[in-house]
Amino acid sequence: MRTRFPPSPTGLLHVGGLRTALYSYLLAKQTKGSFLLRIEDTDRAREVPGAAENIVESLQWAGIPPDEGVMLQDGVIAESGSHGPYKQSERLELYQAYAKQLMDAGHAYPCFCTTERLEEMRKNQEALHRAPMYDRHCLHLSPQEVQTKLDAGEPHVVRMKVPHDRLIECTDDIRGPLKFQSATVDDQVLLKSDGWPTYHLAHVVDDHLMQIDLVLRGEEWLSSLPKHLLLFEYLNWPAPRYAHVPLLLNADKTKLSKRQGSVAVQEYMEKGYLPEAMLNFLALLGWNPGTTQELFSLQELIEQFSLERVQKAGAIFDLTKLDWLQGQWMRKLTADEFAARIRPLVAEHFPEAAADKEFTKKAALIQQRITFFKEAPDMMGYFYRDPTVSVKLLASAKQKVTKEQLPMILETLIRSLDAIPEKSWNEEGIKESVQAMMGEANLKLGQLLWPLRAALTGREYSPGAFEVAAMLGKEAVLKRLKGAKNIL
Ligand code: GLU
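Read on for a plain summary of the structure.

**Quick word on the nonpolar core**
Step number 1: Membership of the largest hydrophobic core comes to 146 residues, with the highest contact counts inside it found for I342 and L417.
Step number 2: Examining the composition of this core, we find that nine residues originate from one element, helix α1 (residues 15–30), more than from any other.
Step number 3: In contact with L417, other than residues within four places in its own chain, are W425, I430, S433, M437, L452, K474, V477, L478 and L481.
Step number 4: Membership of the second largest hydrophobic core comes to 12 residues, among which are Y109, F112, Y134 and V189.

Encoded structure:
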C-alpha cells in the first residue's frame, strides 16, 4: 500500500499531524509498501519559512521517516522517488493542465466574480439564513461573454461544477458508509486567479499521479470529501480509499489548542520525551488494540495496528498518560544505553562523572525513578557532592522519626556501620547491620532507614538506603552521617 502525509508548511509539526503520519506509516509498513511525504505549499500567504524542515526533522526524530518524497539526506532536505517533484509549488503546470481538461469537458468553468460581489452575495445569503454557497453567476455566462472576458484578460478563478441532483456515496475505512447530497456541495474554486491551485484540486491530482492507495487525514476534511470524489470521477480516475481520523481534544473536550498546552512536536522533543513514548502515546489516541497491552514498540504497532480499531469520536490528549508512558520507556532502555544518554548531562555539572567507572551502576539506581534525562544531574548529585541536609528532612512523621530521637538514631547508625569490616561493605552487609540495630535500639526499620537515606542523599525521594550506602562507600557514609549529626 502506498500512503502519504502531505502537510502544509504553515508552522511547526502539530502532534495531531504526527499521529496522522504515524497511522499512514504503519499501514504502509504493514503491507511492505511506501510512505510518502509531500509538501503542500500552495497557500503562499500562510507559508512559514523553516516549517518544511521542521516537519521532516520531526518525522526523522520520531523514527518514521518517509520512504519517498521530501526527506533528509545526510542532514539536508532533498527529494527522492520517481513520482516527483514532491512539493506542490513545483507542480503548478500539472494542476493548470488538469483544470483546463476539466473546463474543456464542462466539469469546471471560469468565474470572474469580484471579491465585492462575492461578499455581497454572502451577506444576502446570511440574511436569508442560507448556507454560504456560490450562486453560479458565471456558470450562466454565454460562451461569447466568457471569451470576451478572457480576451480582455479579466482576472478569474476556475470553479468545479457540481451537479445538484446526485447522491455521492463512499465507504470510509474508519467511519463506514457515507452519503452526501450534491446539492449541499459548493462549486469549489480549483484554481485561484494567480494560477495556483487550491488544496482540493492539487491533492486529488497528486494522490492519483503518486499512486496513493489510501488517504488518511483529519476529520476536518470529511465535509470536502464529496468534492474530491467528484473530481476523481470527472478525471476518470479511480478514487483511493479514505480514512478520516478523529480530532485530538483537550481534557475539556474542546479541540486541542495551543492555549491549553504544547501542540508542536518540537516542544515535546525539547522537553525530553522519548520518541518511543511519543509514538506509543499518539498511537493510542484514537486506536484501541482490543487487549490490555499498553506498551507498544514501533514494530509491535506495525504488526497490530488496524483502522477497524480506530474510533470515530475525538480522542482526549491526556498528558498524564504520556508521562506514564515516558517513564515506562525510560525503564525499558538497557542500563548501558541509559547511562550513555545521561552521562554527558551529569558530567556538565559533575565533571568527574565523565570518567567514573561506577557510573553505569549509579545510573541504574535512578533509572527506575526518572522521567526525563535532564533530571539526572539533580537525581545523581549526591554521588558526587555532599548533600545539604536539614533537621526537617531527617525527621519524618510518617516514619515516626521525631526531632528528639535523631541524635540517638544517628549515633546508633554511626557506631554500628563503623563496625562493618570494609570487605562486608555491600548491600547485604549493611542490611544485616541495620537489622541488628533494630533489636538493640528498639527501633522500627523505617526509623533507621529514613534518616540514613536522608543524610546520604539530602533528598526526599531517592533510591533505597542500602543501595545508596553500598555505592557511596563506608568513608563517605560515615562522613555524611557525622555531618548530619553536627547540624542537630
Ligand atoms: N495539506 C493538508 C493539510 O495539511 C493535507 C490534508 C490531507 O491529508 O489530504 O491539512
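That covers the picture; the talk isn't over yet.
**Describing the environment of D104**
Step number 1: Position of D104 among the secondary structure elements: in helix α3 (residues 92–104).
Step number 2: In this structure the C-alpha to C-alpha distance between D104 and I414, which are 310 residues apart in sequence, comes to 95 Å.

**Remarks on the sheet that holds strand β5 (residues 108–111)**
Step number 1: In spatial order, the strands read β5-β6-β9; together these three strands make up an open sheet with antiparallel pairing. This sheet does not close on itself; its edge strands, each paired only once, are β5 and β9 (189–191). Averaged over all neighbouring strand pairs, the angle between strand axes comes to 45°, with direction disregarded.
Step number 2: α3 contacts β5, β6 (157–160) and β9 of the sheet and is inclined by roughly 105° relative to β5.

**Regarding the site of the ligand**
Step number 1: Neighbouring the ligand are R4, P6, P7, S8, E40, Y199, R217 and W221.
Step number 2: The separation between a nitrogen atom of the ligand and a polar side-chain atom of E40 is 2.6 Å.
Step number 3: Side-chain polar atom of W221 to an oxygen atom of the ligand: 3.3 Å apart, as the coordinates give it.
Step number 4: Surface burial for the ligand is 82%, taken as the share of its 300 Å² of free accessible area covered by protein chains.
Step number 5: In terms of residue class, the shell around the ligand is made up of four nonpolar, one polar and three charged.

**As for the packing of aromatic side chains**
Each aromatic ring pair is summarised here by two numbers: the centre-to-centre distance and the angle between the ring planes.
Step number 1: Using the criterion set out here, one finds 13 aromatic pairs in the structure.
Step number 2: Ring centres 4.6 Å apart and planes at 45° place the aromatic pair Y382 and F383 in the tilted group. Considered together, Y382 and F383 belong to a single accessibility category, that of buried residues.
Step number 3: Site record: aromatic cluster; members linked through ring pairs are Y268, Y273, F281, F317 and F372.
Step number 4: Seen from the ring of W329, K332 lies directly overhead, with NZ or CZ sitting 5.1 Å from the centre.

**Re the pairing of strand β2 (residues 34–37)**
Step number 1: Alignment of strand β1 (residues 2–5) against β2, held across four bridges, turns out to be parallel. Pairing of R4 across the sheet is with L36, part of β2.
Step number 2: You can see the chain leave β1, run along α1 and come back into β2, and the turn it takes is right-handed.
Step number 3: Inspection of the sheet shows β2 paired to strand β3 (residues 68–73) by two bridges, in the parallel sense. If you follow L37 over to β3, its bridge partner there is G69.

**Here's the deal with helix α12 (residues 335–349)**
Step number 1: Spanning 15 residues, α12 covers 21 Å between terminal C-alpha atoms, matching the ideal 21 Å at 1.5 Å per step.
Step number 2: Residue R343 marks the point of greatest curvature in α12, where the axis turns by about 40°; the proline P344 follows within four residues.
Step number 3: For α12, the full list of buried residues reads F338, A339, I342, V346 and A347.
Step number 4: Looking at the packing, one finds that the buried side of α12 touches α11 (319–332), α13 (359–367) and α14 (376–384).

**Regarding unusual backbone geometry**
Step number 1: With an omega dihedral of -5°, the bond running from G84 to P85 counts as a cis peptide bond.
Step number 2: Looking at the secondary structure, you find P85 in the loop between β4 (76–80) and α3.
Step number 3: Here K253, not a glycine, exhibits a phi torsion of approximately 70°, which is positive.
Step number 4: Mapping K253 onto the fold places it in the loop between β12 (248–249) and α8 (265–271).
Step number 5: The exposure class of K253 is exposed, given its relative accessible area of 59%.

Here is what the cut-offs are and how they apply
- Residues numbered from 1 in each chain as written.
- Predicted model: local features only at pLDDT ≥ 70, side-chain atom pairs only at ≥ 80, totals over all residues.
- Heavy atoms only, no water.
- Core = buried A, V, L, I, M, F, W, Y, C linked by side-chain atoms within 4.5 Å.
- Buried < 20%, exposed > 50% of the residue type's maximum accessible area, 1.4 Å probe, protein only.
- Helix = DSSP H or I, 4+ residues; strand = E, 2+ residues; numbered from the N terminus.
- Contact = heavy atoms within 4.5 Å.
- Pairing = 2+ DSSP bridges.
- Axes fitted to C-alpha atoms, helices over the stretch in contact; angles between N-to-C directions.
- Near = heavy atom within 4 Å.
- Polar contact = N/O pair within 3.5 Å; in protein donor to acceptor, adjacent residues only side chain to side chain.
- Areas by Shrake-Rupley, 256 points an atom, 1.4 Å probe, with all protein chains shown as cover.
- Nonpolar A, V, L, I, M, F, W, Y, C, P; charged D, E, K, R; others polar.
- Phe/Tyr/Trp six-rings, centres within 6.5 Å; stacked < 30°, edge-to-face > 60°.
- Lys NZ or Arg CZ within 6 Å of the ring centre and 35° of its normal.
- Right-handed = clockwise from strand over helix to strand, strands pointing away.
- Expected span 1.5 Å × (residues − 1).
- Bend = angle between axes of the 7 residues up to and from the residue.

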